[in-house]
Amino acid sequence: RFQGCLAVPSDGEYTLSLISDDGSRLYLDGSLVVDNDGAHEAVEVATTVTLTAGMHPLELQYFDRDGEETLEFYWEGPGIARELVPSAALTVNETGANLGFHHVGRRVPANDNADGDLLDLTAEYALGRNPYVASMEDVGIRLEAQDNGTRLTVTYDRPANQASIDYWLEVSADLQSWTPILVEDEVENVTYGWERVRYDHLEDRPGVGIEGGFVRLRIWHHDWNHETTTPICGWYQTTFHSGYQTHGVSLNAAPIYASTIAAVDLEAGRLTMTSGGLLEQLGGGDYYMELTNGRYEGHRIDIDVSGSNDQVIALDLRGEFNTLAALPESGLRFAQTVIRPHRTMGDVYSPTRFHGSTNPAAADQLQFFSGQRYEGYFLLDGGGRLHWAKVSDAELEDENGTIIPPGVGTFVKRAPGMNDASLLVVGHLRDHDFMQPLREGYNLLAPITPLAASPSSRGLSLANGFLGSTDPASADQIQLWLGDWIEGGQGYQGYFLLDAGESIRYWTGSNDEHL
């Protein structure tokens with residue numbers, strides 16, 4: 001028995017037919033419309049019904065007593081020649097005045113999450129997603145930069161004519177106060193009873209601007225009496241002046257997959273997930289798995305793409321950017337994970353947004369700190385090539401695909417004599433703990449969110465293992481680059497973690513005589 005919805009693309013008369021061996025029945029909107037019941041060879045029964053565009057609750061019953069097994073469901077209607085009903089026109093979502101979804105013969109709460117991804121049942125239903133397959137290609141909404149990073153749009157797809165559901169967008173500058181956007185700019189009908197909703201010029205909405213903001217979709221299901229939101233997307237703009245400034249990737253590429261760990265193979269370094277859907281999302285490039293709850297929340301391990309399959313994640317336990325050297329013997333099962341593409345130099349610092357040259361001194365540059373020294377890159381523009389290249393590389397190989405690991409900061413040097421350049425970063429907000437690797441000595445770090453941060457908000461405390469002292473040279477330190485708030489500034493503003501007894505433990509200026 002299949003229960004779900006038939007997505008009807010337009011109003012009109014439709015001929016629905018079942019060919020089955022043995023019996024079958026088709027119920028639509030609660031009524032029996034095709035009765036092909038009984039024990040028999042393959043027989044076709046058809047009927048013509050008038051349907052409105054949108055989602056229609058459907059139940060298809062079938063049994064086979066013996067012999068051949070056949071079940072085929074056809075339709076024909078306005079603009080549709082007779083064909084097997086395509087999978088795009090069938091969903092597993094159930095409509096009606098219900099408090100939940102049929103799941104293994106029982107009712108489940110509207111906030112249930114059977115596949116362990118980032119959308120609960122209400123969001124999956126409202127967006128026409130399969131609640132048993134982790135389909136995370138757009139985390140519900142798609143936030144995109146247009147017109148060279150000067151305009152922002154949000155789009156999402158949903159089943160048409162969902163009368164029992166309200167949808168509205170919300171924007172925020174600080175993740176605390178949210179402003180609703182109740183009117184869509186455009187609703188476009190697409191194939192088989194689906195529509196695409198579009199919001200334009202997000203940067204002009206109240207409370208936010210092109211310099212930064214956050215957006216999410218809020219969903220209210222009246223019949224289920226449940227409200228939910230999609231994961232948060234965001235954007236921030238940085239303007240680079242002549243000279244050096246620091247920059248960091250504070251938003252992630254959207255996860256391609258999210259699910260819950262069902263089993264752990266320690267020896268092989270493989271995780272079996274509760275839901276399939278991974279293989280169709282994996283493409284070229286590099287990916288990492290991040291744990292979003294549980295004992296190891298915030299840890300990350302690179303993915304072995306070639307060894308993974310639809311429901312099994314193969315881990316690269318020797319990955320350069322891992323925060324776990326080995327899989328722990330316990331604490332992983334039932335933890336939720338996401339898989340994200342690594343962000344790369346060419347992805348974040350698009351060559352079209354910067355000034356290039358064949359001479360490194362005349363080009364924009366990026367510098368990454370390795371713990372001992374800086375590795376410099378410049379934008380090569382010449383001889384038919386436009387890409388980032390290592391300053392030290394005589395062959396000037398293309399480095400656009402070089403990974404920028406999570407939490408790693410960058411020095412950006414604007415070429416002398418060039419006008420200011422603005423860079424807009426768009427991505428997905430991390431809403432869980434983040435494990436920040438720290439080596440002995442200096443670390444060039446990126447903010448984990450595009451918001452003002454403090455030592456306290458970043459967890460830089462004695463309780464978390466940081467070292468304090470009354471002597472700055474013996475304590476952990478923070479240094480902020482002056483060029484980030486003083487145009488053309490050079491040097492650092494320093495702070496150290498003071499530990500002078502029970503009531504005198506805090507961060508203070510390295511040159512502050514009053515501490």
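None of these values were measured; they are calculated from a predicted model. (Residues numbered from 1 in each chain as written. Predicted model: local features only at pLDDT ≥ 70, side-chain atom pairs only at ≥ 80, totals over all residues. Heavy atoms only, no water.)

Participant: Before we go on, may I ask you to explain the overall build of the protein in this structure?
Facilitator: Secondary structure assignment for the protein yields 2 helices and 35 strands. With respect to the principal axes defined by its C-alpha atoms, the protein has extents near 90 × 50 × 45 Å. Burial statistics for the protein: of 515 residues in total, 50% are counted as buried. (Helix = DSSP H or I, 4+ residues; strand = E, 2+ residues; numbered from the N terminus. Buried < 20%, exposed > 50% of the residue type's maximum accessible area, 1.4 Å probe, protein only.)

Participant: Whenever I open this one, the environment of Thr-70 confuses me. Can you help?
Facilitator: One can find Thr-70 in strand E7 (residues 70-77). Between the alpha carbons of Thr-70 and Val-43 there is a distance of 9.4 Å; along the sequence they are 27 residues apart. Setting aside its immediate chain neighbours within four residues, Thr-70 contacts Ile-19, Ser-20, Asp-21 and Tyr-62. (Contact = heavy atoms within 4.5 Å.)

Participant: Looking at this model, I keep getting lost on the environment of His-387. Mind explaining?
Facilitator: With respect to the helices and strands, His-387 occurs in strand E30 (residues 385-390). Expressed as a C-alpha distance, the spacing of His-387 and Phe-368, which sit 19 residues apart in the sequence, is 17 Å. Apart from the residues lying within four places of it in its own chain, the contact partners of His-387 are Phe-378, Leu-379, Leu-380, Leu-396, Glu-397, Asp-398, Glu-399 and Asn-400. In terms of polar contacts, His-387 uses its side chain to reach the backbone carbonyl oxygen of Leu-396, at 3.0 Å. (Polar contact = N/O pair within 3.5 Å; in protein donor to acceptor, adjacent residues only side chain to side chain.)

Participant: Just checking my understanding: could you explain unusual backbone geometry for this structure?
Facilitator: Generally, phi is negative for residues other than glycine and the peptide bonds are trans, each holding for most cases. With an omega dihedral of 10°, the bond running from Asp-21 to Asp-22 counts as a cis peptide bond. For Asp-22, the position within the fold is in the loop between strand E2 (12-21) and strand E3 (24-28). One non-glycine residue, Asn-148, lies in positive phi territory at about 55°. Relative to the assigned elements, Asn-148 resides in the loop between strand E12 (142-146) and strand E13 (151-159). Asn-148 gets classed as exposed once you look at its relative accessible area, which sits at 60%. At Leu-175, a position not held by glycine, the phi torsion is positive, near 70°.

Participant: Where do I start with the packing of aromatic side chains in this structure?
Facilitator: Centre distance and the angle of the planes are the two values used to describe a pair of aromatic rings. Scanning all chains against the criterion turns up 12 aromatic pairs. Against the face of Tyr-167 rests Arg-158, its NZ or CZ located 4.5 Å from the ring centre. Lying across the ring of Trp-178, Arg-216 places its NZ or CZ 3.8 Å from the centre. (Phe/Tyr/Trp six-rings, centres within 6.5 Å; stacked < 30°, edge-to-face > 60°. Lys NZ or Arg CZ within 6 Å of the ring centre and 35° of its normal.)

Participant: What am I meant to see in the side chain of Thr-344 here?
Facilitator: Note on placement: Thr-344 falls in the loop between strand E27 (336-341) and helix H2 (345-348). Sequence-distant contacts of Thr-344, defined by excluding residues within four places in its chain, comprise Asn-400, Gly-401, Thr-402, Ile-403 and Ile-404.

Participant: Whenever I open this one, the sheet that holds E27 confuses me. Can you help?
Facilitator: One key point about sheets: their strands pair by backbone hydrogen bonds, in either a parallel or an antiparallel sense. Taken together, 6 strands build an open sheet; the order of strands is E25-E24-E27-E22-E23-E26 and the sheet is antiparallel. Looking at which strands have only one partner, the edges of the open sheet turn out to be strand E25 (300-302) and strand E26 (312-314). In this sheet, neighbouring strand axes are inclined to one another by 40° on average, regardless of whether the strands run parallel or antiparallel. For strand E22 (residues 257-265) and E27, the ladder comprises 4 bridges, and the chain directions are antiparallel. Each bridged residue has a counterpart across the sheet, and for Ser-259 the counterpart in E27 is Thr-337. (Pairing = 2+ DSSP bridges. Axes fitted to C-alpha atoms, helices over the stretch in contact; angles between N-to-C directions.)

Participant: Sorry if this is basic, but what is going on with the pairing of E7 here?
Facilitator: For a regular strand, the rule is simple: side chains alternate between the two faces of the sheet. With 7 bridges joining them, E2 and E7 adopt antiparallel strand pairing. Within the sheet, the bridge partner assigned to Thr-15 lies in E7 and is Glu-76. With 3 bridges joining them, E7 and strand E8 (residues 80-84) adopt antiparallel strand pairing. If you follow Gly-77 over to E8, its bridge partner there is Ile-80. Hairpin connection from E7 to E8: 2 residues lie between these consecutive antiparallel strands, with Gly-79 at a positive phi of about 75°.

Participant: Quick question: what am I supposed to make of a nonpolar patch on the surface here?
Facilitator: A contiguous nonpolar patch, built from Leu-480, Trp-485 and Ile-486 and spanning about 300 Å² of accessible area, is present on the exposed surface. You can see Leu-480 is positioned in strand E33 (residues 477-481). The exposure class of Leu-480 is partly exposed, given its relative accessible area of 38%. (Patch = residues over 30% accessible without salt bridge, like charges linked within 9 Å, V, L, I, M, F, W, Y side chains within 5 Å. Areas by Shrake-Rupley, 256 points an atom, 1.4 Å probe, with all protein chains shown as cover. Salt bridge = Lys/Arg side-chain N within 4 Å of Asp/Glu carboxyl O.)

Participant: What exactly am I supposed to notice about the sheet that holds E2 here?
Facilitator: Taken in spatial order, the 4 strands of this open sheet run E5-E2-E7-E8, and their pairing is antiparallel. Edge positions in the sheet fall to strand E5 (43-51) and E8, since each has one partner strand and no second. Averaged over all adjacent pairs, the angle separating strand axes in this sheet is 15°, with direction ignored.

Participant: Is there a simple way to explain the pattern of salt bridges in this structure?
Facilitator: For the structure on display, the rule yields 20 salt bridges. Its salt-bridge partner being Asp-157, residue Arg-196 comes within 2.7 Å of it at the nearest N-O pair. Of this pair, Arg-196 sits in strand E17 (residues 194-199) while Asp-157 sits in strand E13, and the two are 39 residues apart along the sequence. On the accessibility criterion, Asp-157 (21% relative accessible area) is partly exposed. Here the residues in one salt-bridge network are Glu-170, Arg-216, Arg-218 and Glu-227, joined through shared partners.

Taken by themselves, the reported measurements are silent on function.
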